Structure formats: structure tokens, C-alpha cells
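As a plain string of letters, each chain reads:
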Amino acid sequence: MNIKYYEFLNFLFDRDQHKGEWRYNEYRQEPELTGEDITFFVKHMLDNYDSDLSQYSDRQLALGFEYIFNNSFSDWCFYLRDGPSSVEKRVETILSLRGLFDKCLNVRCQQKLGHLSEKGNELNNFCYMLWDVTPLTYCEDSADKNEIYAAVIKVMEHTLYLSNKSCVESGLHGLGHMELYTNNAPKIIRKFLNSNPNINAQLKKYAKDAECGCVL
């Protein structure tokens, strides 16, 4: 990878976590990256968690991930949704989130449920709120909305079958919001419920709420 990729990683994660919140610092300088750079770098980062990200703390990772995916902090996620990269490349990047859930969030998040205000670590908050704050779940004005929605839903469905209930909750949370835009979301939740009759009672109730779009 070129030097710009490592500048991208350092900007997002190589922070002294004891100095507090860095994302609101008016003097921070983003690296000079194109939309194509960001789309490619995010995919490479997610595909190479073990070598490129695993050394960072929960807090360092959470703040960096939120910077990418929450447009309250940056516009970077709009490049993943709207381009200028081809829709095929953007879909590949979104689907790489499955690896982040597998290798990072499923392992590092505490077994806590955000909708019950159970306190976990900083990655728990990112995991629970991801689909609430990312523009990837609203593509109604996009020519590529069908492709983006399909990719996002594949990631959400993937998380339903992980071992950490925080990841399961994340998928249900996202699918609950997607109920507004696609008929597939309730079907995926119903399939999940039918294949998991002995699921945790709190998650079962949340899944039933998500099935009809009644999630916060």
C-alpha cells in the first residue's frame, strides 16, 4: 500500500486516547484523499483487520470507525454511498463490513444490549448505533439505491448469526430501520426468529419489534 493509506490509518486511529475527543478539534487536518481513495482504503482496512487494525484499543477503533461512518464527523461515508467510485466497488467496500463484525465486533464487544441501555465498551456503542447514524441506510435519492440497500441488508443479515448478542442486536436494529424501504427486512427477521426458537427473550422481543419497524 502507498503512503496515503498509512496517513489515512494514522489520522483515524493513531491517537493518544488519554487526550480525549480529537474529532471536534478545529485544527485537525484530514489527509488529502479522493473519494476513490477513501472507498478503496476503507475496504482494504476492513479486509486486513488483523494486520492493520487489531493493535488499536477499543476506544481508538470506535472513534475512527465513527469518523468514517457517521456523517456528524465527516462526509467520508457519502463516498461509499454515492461515488465517484463505481457502484461495484462501493458494494464491495460495504460488504467488507461483514469481516469487521466477524473479527472485531463479535470478539471485542461486551455481551450487552444497547436498546436496554446496558453499558458495554466503546465499540458496543459503535456496533449498536452504526445503522442509525450512517447515510448508507438512506439512499432514496440515489440511482444506485437498490444495490446499496442490498449490500447493507446482506451485512445486517450476516450479523444475526454471530455469537455476540450485541452484533445480533445491531443487525436487528438496522433491519428495523430498513423496513421502511424494503420488503426483504421483515422476511429476514422472520427467518431468523424461525431458525432460533430458543433465542434470548430480550432479543426475541426486540426482533419482533424490528420486524414491524418499531425500533429506536
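Residues numbered from 1 in each chain as written. Predicted model: local features only at pLDDT ≥ 70, side-chain atom pairs only at ≥ 80, totals over all residues. Heavy atoms only, no water.

Undergrad: Looking at this structure, I do not really get the overall build of the protein. What am I missing?
TA: Counting secondary structure elements, the protein contains 12 helices and 0 strands. In the protein, the succession of α and β elements from N to C terminus is α-α-α-α-α-α-α-α-α-α-α-α. Computed over C-alpha atoms, the radius of gyration of the protein comes to 17 Å, within 12% of the 17 Å expected from 2.2 N^0.38 for 216 residues, which places it in the range of a compact globule. Seen through its C-alpha atoms, the protein measures out along the principal axes to roughly 50 × 40 × 30 Å. A separation threshold of at least 6 residues defines the contact pool for the protein, and within that pool the share at least 24 residues apart is 71%. When the accessible area of the protein is evaluated, it comes to approximately 10,300 Å², of which 46% is carbon and sulfur surface. Taking the 24 positively charged and 31 negatively charged side chains of the protein as two groups, their mean positions are separated by 7 Å. (Helix = DSSP H or I, 4+ residues; strand = E, 2+ residues; numbered from the N terminus. Rg over C-alpha atoms; globule rule 2.2 N^0.38 Å. Contact = heavy atoms within 4.5 Å. Areas by Shrake-Rupley, 256 points an atom, 1.4 Å probe, with all protein chains shown as cover. Lys, Arg positive; Asp, Glu negative; His and termini not counted. Charge placed at Lys NZ, Arg CZ, Asp CG, Glu CD.)

Undergrad: Looking at this structure, how should I read the packing of aromatic side chains?
TA: Each aromatic ring pair is specified by the distance between its two centres and by the angle formed by the two planes. Under the definition given, this model contains 18 aromatic pairs. Consider the rings of Y5 and F8, whose centres lie 6.1 Å apart with planes at 25 degrees: the pair is stacked. Note that Y5 and F8 are positioned in helix α1 (residues 3-13) at a spacing of 3 residues, about one turn of the helix. Take Y5 and F8: they sit in the same class, and that class is buried. With centroids separated by 5.4 Å and ring planes inclined at 40 degrees, the aromatic side chains of F65 and F126 adopt a geometry described as tilted. Of the two residues, F65 sits in helix α4 (residues 58-69) while F126 sits in helix α8 (residues 122-133), which places them 61 residues apart along the sequence. The pair F65 / F126 is uniform in exposure class, with both members buried. An aromatic cluster is built from Y5, Y6, F8, F11, W22, F40, F41, Y67 and W76, whose rings are joined through pairwise contacts. It is R15 that lies over the ring of W22; its NZ or CZ is 4.0 Å from the centre. Here the guanidinium or amino end of R23 rests over the ring plane of F73, the centre of that ring lying 3.8 Å away. (Phe/Tyr/Trp six-rings, centres within 6.5 Å; stacked < 30°, edge-to-face > 60°. Buried < 20%, exposed > 50% of the residue type's maximum accessible area, 1.4 Å probe, protein only. Lys NZ or Arg CZ within 6 Å of the ring centre and 35° of its normal.)

Undergrad: Even after reading the chapter, I still don't get unusual backbone geometry, so can you show me in this structure?
TA: Peptide bonds are trans in most cases, and residues, glycine excluded, mostly fall at negative phi. In this structure, the amide linkage connecting G83 to the following residue, P84, adopts the cis form with an omega of 25 degrees. Position of P84 relative to the elements: it lies in the loop between α5 (76-82) and α6 (87-95). At S117, a position not held by glycine, the phi torsion is positive, near 60 degrees. Mapped onto the fold, S117 is located in the loop between α7 (97-108) and α8. Accessibility expressed as a relative area gives 66% for S117, which makes it exposed.

Undergrad: I keep staring at helix α2 (residues 35-47) and nothing clicks. Help me out?
TA: Because an α-helix completes one turn every 3.6 residues, residues spaced three or four positions apart along the sequence face the same direction. Compared with an ideal rise of 1.5 Å per residue, which puts 13 residues at 18 Å, α2 spans 18 Å between its outermost C-alpha atoms and is within 8% of the ideal. Those residues of α2 that sit buried are G35, D37, I38, T39, F41, V42, M45 and L46. Contact partners of the buried residues in α2: α1, α3 (49-52), α4, α5, α6 and α7. (Expected span 1.5 Å × (residues − 1).)

Undergrad: Please clarify how the nonpolar core should be interpreted in this entry.
TA: Generally speaking, nonpolar side chains in soluble globular proteins are found buried as a group. Judged by nonpolar contacts, the single largest core of 71 residues is most densely connected at F8, M45, F65, F69, L105 and L172. In contact with F65, not counting residues within four places along its chain, are F13, M45, L53, L100, C104, L123 and F126. (Core = buried A, V, L, I, M, F, W, Y, C linked by side-chain atoms within 4.5 Å.)

Undergrad: What's the story with the packing of helix α10 (residues 165-178) against helix α12 (residues 201-211) in this structure? I'm lost.
TA: Each pair of packed helices gets described by two things: the angle between the helix axes and the distance between those axes. The geometry of α10 relative to α12 is characterised by a closest axis approach of 8 Å and an angle of 15 degrees between their N-to-C directions. What the angle tells us is that α10 and α12 run roughly parallel. Where α10 crosses over α12, the two elements pack in a sense that is left-handed. Contact residues: K165, V168, E169, L172, H173, L175 and G176 in α10; L203, Y206, A207 and A210 in α12. Among the residues forming the contact of α10 with α12, the class breakdown is 7 nonpolar, 2 polar and 2 charged. (Axes fitted to C-alpha atoms, helices over the stretch in contact; angles between N-to-C directions. Parallel < 35°, antiparallel > 145°, perpendicular 65-115°, else oblique. Left-handed = near helix turned anticlockwise from the far one by under 90°. Nonpolar A, V, L, I, M, F, W, Y, C, P; charged D, E, K, R; others polar.)

Any functional reading would require information beyond the geometric quantities listed.
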